[in-house]
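Reading the structure
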Amino acid sequence: MADKESIKETHNYYLNTPMKNEPFMLRGSNSLEWGIKNRLSNIFNTDSGRTVMLAIDHGYFLGPTAGLERIDVTIVPLLPYADTLMCTRGILRSTIPPTFTKGIVLRASGGPSILKELSNEEIAVDIEDAIRLNVAALAVQVYIGGEYETKSIHNMTRLVDMGNRYGIPVLGVTAVGKDMARDAKYMRLATRICAELGASYVKTYYVDEGFETVTASCPVPIVIAGGKKLPELDALKMAYNAIQQGAAGVDMGRNIFQSEAPIAMLQAVRKIVHENMTPEEAYEVYQSLKTSKSKHQNPK
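These figures come from a predicted structure and were not determined experimentally.

Overview of the overall build of the protein chain
Helix and strand counts for the protein chain come out as 12 helices and 10 strands. Computed over its C-alpha atoms, the radius of gyration of the protein chain comes to 21 Å, within 12% of the 19 Å expected for a compact globule of 300 residues. Principal-axis analysis of the C-alpha atoms gives the protein chain an extent of 70 × 60 × 40 Å. Looking at the protein chain as a whole, 48% of its 300 residues are labelled buried. Here the analysis covers contacts within the protein chain between residues at least 6 apart in sequence; of these, 66% occur between residues at least 24 apart. Of the roughly 15700 Å² of accessible surface on the protein chain, 50% is carried by carbon and sulfur atoms. The averaged location of the 33 negative side-chain charges in the protein chain is 3 Å from the averaged location of its 33 positive side-chain charges.

A word on a nonpolar patch on the surface
On the surface, a cluster of nonpolar side chains totalling about 320 Å² of accessible area is made up of Leu62, Ile114 and Leu115. Here Ile114 shows up in the loop between strand S4 (109-110) and strand S5 (122-123). Among the residues examined, Ile114 registers a relative accessible area of 46% and is labelled partly exposed.

Concerning the packing of aromatic side chains
A full pass over the atoms with the stated rule returns four aromatic pairs. Relative to Phe61, the ring of Tyr60 lies with its centre 5.1 Å away and its plane at 70 degrees, an arrangement referred to as edge-to-face. The cationic tip of Lys151 hangs over the ring face of Tyr148; the distance from NZ or CZ to the ring centre is 5.6 Å.

Side note on the pattern of salt bridges
Within the structure shown, the criterion is met by 12 salt bridges. Between Arg107 and Asp57 there is a salt bridge whose closest N-O contact spans 2.9 Å. Placement of the pair is Arg107 in strand S3 (residues 103-107) and Asp57 in the loop between strand S1 (51-55) and helix H2 (59-62), with a sequence separation of 50 residues. Neither residue differs from the other here; Arg107 and Asp57 are each classed as buried. Residues participating in the shared-partner salt-bridge network are Arg89, Arg93, Asp129 and Arg132.

Here's the deal with the environment of Asn45
Residue position: Asn45 is located in the loop between helix H1 (34-40) and S1. In this structure the C-alpha to C-alpha distance between Asn45 and His274, which are 229 residues apart in sequence, comes to 8.2 Å. For Asn45, the contacting residues outside a window of four places in its chain are Met25, Arg50 and His274. At 3.0 Å, the side chain of Asn45 forms a polar contact with the backbone nitrogen of Ser48.

Overview of the side chain of Arg50
Looking at where Arg50 falls in the secondary structure, it is placed in the loop between H1 and S1. Buried and unpaired, Arg50 has no salt bridge, with Asp83 as the nearest side chain of opposite charge at 10.0 Å. Separated by 2.8 Å, the side chains of Arg50 and Asn276 make a polar contact.

A few points about the environment of Cys194
The topology assignment puts Cys194 in helix H7 (residues 184-196). For Cys194, a relative accessible area of 1% corresponds to the buried category. Sequence separation between Cys194 and Trp34 is 160 residues, and the spatial gap between their C-alpha atoms is 21 Å. Ignoring any residue separated from it by four or fewer positions in sequence, one finds Cys194 in contact with Val142, Met156, Gly172, Thr174, Ala199 and Val202.

Re the pairing of strand S8 (residues 201-204)
Residues of S8 alternate between two faces, with Tyr201 and Lys203 on one and Val202 and Thr204 on the opposite face, all of them buried. In the sheet, strand S7 (residues 170-174) pairs with S8 via three bridges, with the strands oriented parallel. Across the sheet, the residue bridging to Gly172 is Val202, located in S8. Strand direction decides the pairing type here: S8 and strand S9 (residues 222-225), joined by three bridges, are parallel. In the strand pairing of S9, Lys203 is matched with Val223. For the crossover that starts at S8, traverses helix H8 (residues 211-217) and ends in the parallel S9, the hand is right-handed.

Some details on the nonpolar core
Membership of the largest hydrophobic core comes to 73 residues, with the highest contact counts inside it found for Ile56, Ile75, Leu85, Leu138, Phe211 and Val269. The greatest single-element share of this core, amounting to seven residues, is contributed by helix H11 (residues 262-275). Once residues within four sequence positions are removed from consideration, Leu138 is found in contact with Leu106, Ala108, Ile127, Ala130, Leu159, Ile168, Pro169, Val170 and Leu171. Core analysis: the second largest hydrophobic core is formed by 18 residues, Ile36, Leu40, Ala55 and Val105 among them.

Rules used in this analysis
- Residues numbered from 1 in each chain as written.
- Predicted model: local features only at pLDDT ≥ 70, side-chain atom pairs only at ≥ 80, totals over all residues.
- Heavy atoms only, no water.
- Helix = DSSP H or I, 4+ residues; strand = E, 2+ residues; numbered from the N terminus.
- Rg over C-alpha atoms; globule rule 2.2 N^0.38 Å.
- Buried < 20%, exposed > 50% of the residue type's maximum accessible area, 1.4 Å probe, protein only.
- Contact = heavy atoms within 4.5 Å.
- Areas by Shrake-Rupley, 256 points an atom, 1.4 Å probe, with all protein chains shown as cover.
- Lys, Arg positive; Asp, Glu negative; His and termini not counted.
- Charge placed at Lys NZ, Arg CZ, Asp CG, Glu CD.
- Patch = residues over 30% accessible without salt bridge, like charges linked within 9 Å, V, L, I, M, F, W, Y side chains within 5 Å.
- Salt bridge = Lys/Arg side-chain N within 4 Å of Asp/Glu carboxyl O.
- Phe/Tyr/Trp six-rings, centres within 6.5 Å; stacked < 30°, edge-to-face > 60°.
- Lys NZ or Arg CZ within 6 Å of the ring centre and 35° of its normal.
- Polar contact = N/O pair within 3.5 Å; in protein donor to acceptor, adjacent residues only side chain to side chain.
- Pairing = 2+ DSSP bridges.
- Right-handed = clockwise from strand over helix to strand, strands pointing away.
- Core = buried A, V, L, I, M, F, W, Y, C linked by side-chain atoms within 4.5 Å.

Read these as layout, nothing more, since geometry by itself doesn't imply function.
Structure (structure tokens):
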């Protein structure tokens, strides 16, 4: 307890310095609770306002995907280079070191495997378990136009209600079924519905034509999915185009962990997202880091 005999008189009121009331860095997020903003700050880089998410949650419906057979061997070494990790609670508890202090985006929906109708998902995580795991956000799949569209939307809105109660943001993940058109019109529909119904940010696919209209019409941040494995330069071009057209980041999986040099690829993506480097410049970074690693592993 302070000694009352040594208490000094107050005088530093800085009367000529107005109190700052700066807007939050992310679009559509200024009115959110402090706790939600704090968690979003553990996902998005506070300098660039963007994020490089590493997605490794594929096993929740695909099983051991190529590159994710041994997450302790292939993924844990990548963690220092990602802003955020998107994974399931099983992998988080069994494999991810608790010393990882960046944001965890927890896969919170699931149910069917690749062998069944994927849109028939349920909420797969209790909010109390998410709190125990100290996650930065909850991710839920939303199947606009899918067989179980309404069910998947209700999964999201229920998670939004629970997240708002405890200060945890929700990531709405738009899913494109095999019979759905992957174009700007569909992406505008899907992302806007997620935002309208309470998602703090949205994950969707990049489209070559009209993607800027997708980001413009969505009032919350959009991050793009990496999708299928592409040649490294093509993946870097996709990330660059998305960022230049208004995306607030990327959430890549296969284009990172299935790359010939995953750490180099992740660092190259970071150059695009956080430093506005061109795809060609970032590809040079990738090639340089890849070559450097190869020389280190195979000295003459």
